[in-house]
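Residue strings, one per chain:
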Amino acid sequence: MATVTFKGTAFKTAGELPTLGSKAPDFKLVTSTLGEVTLKSYPKKRKVLNVFPSVDTSTCAKSVARFNKEAVHFPDVVVLNVSLDLPFAHKRFCGAEGIERSESLSGFRSSFGKDYGVALVDGPLAGLYSRAVIIVDFDDRILHVEHVSEIANEPNYDSALMVLRTTTPSVIKTD
């Protein structure tokens, strides 16, 4: 179990983030059109998993907007915004905020939170996801992890973007 804080009070998650170099756990998440996606839905792409409690908080909205803005610089990257918000909330938020370069996904019928170690198990946000950024390479190996220690804070964008800038896209495999 990892420990994160919310407004200074410590809470536990259901596990730990995947370790660097390990194979990313597969997932099944729901799109804003009620379709389902998995890791394999994004072949030949690096994946930025921007995980957060809810799109209806200012910090989460800022992280979605920032990664959406940065996505244009990385054509081989897909940004996946993941929370337990229902697909309808994701669709409403993305439409209202002009989020077009990233995909918002719901874990409402998924084991994603436990599999990735981000499900909060106690405190006022119990059941939601903690804030984390996980970058997965073309072969679904973990390149970067950040479990934001204080949920109310934004992630370290510079650290995540540096990983995207310094990992070479030449590892793309052709079938």
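Because the structure is a prediction, the values reported are computed rather than measured.

Participant: Can you walk me through the pairing of strand β1 (residues 3–6) in this structure?
Facilitator: Pairing of β1 with strand β2 (residues 9–12), which is carried by four bridges, proceeds in the antiparallel orientation. Across the sheet, residue F6 finds its bridge partner in β2, namely T9. Between β1 and β2, which pair antiparallel one after the other, the connecting turn spans two residues, and K7 there sits at a positive phi close to 55°.

Participant: Even after reading the chapter, I still don't get helix α1 (residues 58–71), so can you show me in this structure?
Facilitator: Taking 1.5 Å of rise per residue, 14 residues should cover 20 Å, and α1 covers 20 Å from first to last C-alpha, within 8% of that figure. Regarding α1, the residues found buried are T59, C60, S63, V64, F67, N68, E70 and A71. End-on, the buried residues of α1 take up no more than an arc of 170°, which puts them together on one face. In α1, those exposed residues whose orientation departs by more than 90 degrees from the buried face are S58 and K69.

Participant: Explain helix α4 (residues 157–166) here, please?
Facilitator: Two residues of an α-helix separated by three or four positions point the same way, owing to the 3.6 residues in each turn. For α4, every residue scored as buried is listed here: Y157, A160, L161, V163 and L164. Viewed along the axis of α4, the buried residues span an arc of 150°, placing them on a single side of the element. Facing away from the buried surface of α4 by more than 90 degrees, the exposed residues are D158, R165 and T166. On its buried side, α4 packs onto β5 (46–51), α1, β6 (77–83), β8 (132–136) and β9 (142–147). The N-capping residue of α4, defined by a side-chain oxygen 3.3 Å from the backbone nitrogen of D158, is N156.

Participant: Help me understand the packing of aromatic side chains, please; the structure alone is not making it clear to me.
Facilitator: Each aromatic ring pair is summarised here by two numbers: the centre-to-centre distance and the angle between the ring planes. Enumeration according to the criterion identifies five aromatic pairs in this entry. Note on F27 and Y116: the rings are 6.5 Å apart at their centroids and 55° apart in plane angle, and the pair reads as tilted. Here F27 is found in the loop between β2 and β3 (29–30), whereas its partner Y116 is found in the loop between α3 (112–115) and β8, with 89 residues between them in sequence. Under the relative-accessibility criterion, Y116 is labelled buried at 0%. For the ring pair F112 and Y129, a centre distance of 5.6 Å and an interplane angle of 50° mean the geometry is tilted. Of the two residues, F112 is situated in helix α3 and Y129 in the loop between α3 and β8; the sequence distance between them amounts to 17 residues. Y129 matches F112 in its accessibility class, with the two residues each being buried.

About the criteria used
- Residues numbered from 1 in each chain as written.
- Predicted model: local features only at pLDDT ≥ 70, side-chain atom pairs only at ≥ 80, totals over all residues.
- Heavy atoms only, no water.
- Pairing = 2+ DSSP bridges.
- Helix = DSSP H or I, 4+ residues; strand = E, 2+ residues; numbered from the N terminus.
- Expected span 1.5 Å × (residues − 1).
- Buried < 20%, exposed > 50% of the residue type's maximum accessible area, 1.4 Å probe, protein only.
- Arc of directions from axis to C-beta.
- Contact = heavy atoms within 4.5 Å.
- Polar contact = N/O pair within 3.5 Å; in protein donor to acceptor, adjacent residues only side chain to side chain.
- Phe/Tyr/Trp six-rings, centres within 6.5 Å; stacked < 30°, edge-to-face > 60°.

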